[in-house]
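This is what each chain is made of:
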Amino acid sequence: MNILILTGAGISAESGVPTFRDANGLWEGHRFEDVATPQAFRRNPSLVHHFYNQRRRSLLDVRIQPNPAHRALAEFEAEHRGGFLLVTQNIDDLHVRAGSKNVLAMHGELLKARCETTEEIFPWRDDLDETTTNPNHPEFIGTMRPHVVWFGEMPLGLARIEEAARNADLFIAIGTSAVVYPAAGIVRQTKPTCRKIEINLDATPNSSEFDQSIRGKASIEVPAFLK
Ligand code: BJW
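Reading guide: rules and limits
Residues numbered from 1 in each chain as written. Predicted model: local features only at pLDDT ≥ 70, side-chain atom pairs only at ≥ 80, totals over all residues. Pairing = 2+ DSSP bridges. Helix = DSSP H or I, 4+ residues; strand = E, 2+ residues; numbered from the N terminus. Axes fitted to C-alpha atoms, helices over the stretch in contact; angles between N-to-C directions. Contact = placed C-beta atoms within 7 Å. Domains from an automatic or database assignment. Core = buried A, V, L, I, M, F, W, Y, C linked by C-beta atoms within 7 Å. Buried ≥ 20, exposed ≤ 12 C-beta atoms within 10 Å, placed from the backbone. Expected span 1.5 Å × (residues − 1). Arc of directions from axis to C-beta. Near = placed C-beta within 6 Å. Nonpolar A, V, L, I, M, F, W, Y, C, P; charged D, E, K, R; others polar. UniProt positions renumbered as here; feature names shortened; annotations may be inferred.

1. Focus: the sheet that holds strand β10 (residues 144–148)
The sheet built from 3 strands is open, its strands ordered β7-β6-β10 with antiparallel pairing. Taken across any chain shown, the strands that pair with only one partner, and hence form the sheet edges, are β7 (121–123) and β10. This sheet shows a mean twist of 45° between the axes of neighbouring strands, independent of strand direction. Bridge count for strand β6 (residues 108–115) against β10 is 5 bridges, and the pairing is antiparallel. When the sheet's bridge partners are listed, Glu109 is paired in β10 with His147. Sitting on the sheet, helix α4 (residues 45–59) is in contact with β6 and β10, with an inclination near 130° to β6.

2. Here's the deal with the domain arrangement of the chain
Structurally, the chain comprises domain 1 (3–17 + 66–107 + 154–226) and domain 2 (23–63 + 115–148). Each of domain 1 and domain 2 has a C-alpha centre, and these two points are 26 Å apart.

3. Thoughts on the nonpolar core
By size, the foremost hydrophobic cluster in this structure holds 38 residues, and its most contacted members are Leu4, Ile5, Val87 and Ile174. If you list the elements that add at least two residues to this core, you get β1 (3–7), α4, α5 (68–79), β4 (84–88), β5 (103–105), α7 (158–167), β11 (170–174) and α8 (218–226). There are two domains that each give this core at least three residues, and those are domain 1 (3–17 + 66–107 + 154–226) and domain 2 (23–63 + 115–148).

4. So, α4
In a regular helix each residue adds 1.5 Å, so 15 residues correspond to 21 Å; α4 covers 21 Å between its end C-alpha atoms and thus fits that length. Every buried residue of α4 is accounted for by Val48, His49, Phe51, Tyr52 and Arg56. Around the axis of α4, the buried residues are gathered within 155° of arc, so they sit on the same side. Of the exposed residues in α4, those oriented more than 90 degrees away from the buried face are Ser46 and Arg57.

5. Some details on the site of the ligand
Close to the ligand lie 34 residues; Gly8, Gly10, Gln89, Ser177 and Tyr181 are nearest. Among the elements that make up the shell around the ligand, the one with the highest residue count is helix α1 (residues 9–13) (3 residues). Counted by class, the shell around the ligand contains 17 nonpolar, 11 polar and 6 charged residues.

6. Some details on the UniProt feature "active site" (unreviewed entry) in the chain
Per the UniProt annotation, the sites labelled "active site" (unreviewed entry) are His107. The topology assignment puts His107 in the loop between β5 and β6. When neighbours within four sequence positions are excluded, His107 is seen to be in contact with Gln89, Ile91, Val148, Val149 and Pro155.

7. Re the environment of Arg166
Counting through the fold element by element, Arg166 comes out in helix α7. Residue classification places Arg166 among the partly exposed positions, given that 13 C-beta atoms sit within 10 Å. Other than its neighbours up to four places away in sequence, Arg166 contacts Gln189 and Lys191.

8. Some words on the pairing of β11
The buried fraction of β11 amounts to 4 of the 5 residues, a majority that puts the element mostly inside the structure. Summarising the sheet, β11 and strand β12 (residues 195–200) pair through 5 bridges and their orientation is parallel. Residue pairing across strands places Phe171 opposite Lys196, the latter belonging to β12.

Below is the structure:
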């Protein structure tokens with residue numbers, strides 16, 4: 001059996017990582033959408049770096065740890081004998097820390113930085129700013145950006161995701177509001193015989209696409225469903 005999992009910010013909420021569109025979707029007086037675009041980065045790199053620096057520091061706080069939902073997915077993958085792909089929209093590293101192996105971070109990774117000139121990608125735990133240089137090319141000053149996917153940019157691994165969706169026998173979407181594409185369209189790429197499960201606190205615009213919608217906290221419902 002081939003299994004495809006899609007996770008969003010809701011799975012990390014109980015680990016203390018804020019979601020995007022719950023409660024206040026604002027960040028220090030800015031709409032989230034206004035700091036997560038290449039245009040925003042060009043217009044005000046210092047603001048965008050600050051936004052990601054804060055989130056990177058927070059992710060590295062020892063109190064931010066995988067929760068039972070992350071762990072249940074890793075344990076399930078270790079025991080599962082068929083195909084398995086975990087596609088996450090999250091830029092945190094909590095699935096990897098929980099022990100998941102086949103993880104595709106389609107919106108990038110907060111603990112990596114990319115040089116806009118050379119496209120080199122580096123593990124990154126420090127703050128970035130407009131004076132940060134490419135470690136391999138110190139002459140390239142201010143070319144480093146967070147290795148994340150902003151609105152208008154191409155998400156990562158789309159061909160692999162489409163193939164996994166076409167071949168999936170079970171698709172589970174966990175903790176995503178289903179408003180950001182192409183992630184929100186994956187459920188419609190699955191075959192008619194694929195069993196489709198949504199686990200979320202609330203209904204989403206995609207709920208009617210699923211065979212079963214489980215309403216509740218990921219930390220409770222994911223382990224319960226996978227056991
Ligand atoms: C719980 C819980 C608990 C809470 N337990 N549940 C087709 C139609 C319409 C628009 C488009 C389209 N195709 C493309 C677009 C444009 C755009 C888009 O989708 N816009 C919409 C907003 C309208 N998409 C793009 O631009 C994408 N690129 C693209 O399509 O490229 C192709 C292309 C390129 C160039 C030219 C032409 C075509 C890129 C999208 C990139 C998204 N990036 C972000 C930022 C990443 C970096 C960062 O983290 O800062 O990704 S935006 C943000 O939203 C982030 C998330 O991954 C993403 C999704 O959010 P998510 O995870 O769903 O979180 P929330 O907060 O929205 O929801 C949390 C959910 O959890 C809620 O439902 C809660 O109920 C639930 N929950 N606690 C269980 N404890």
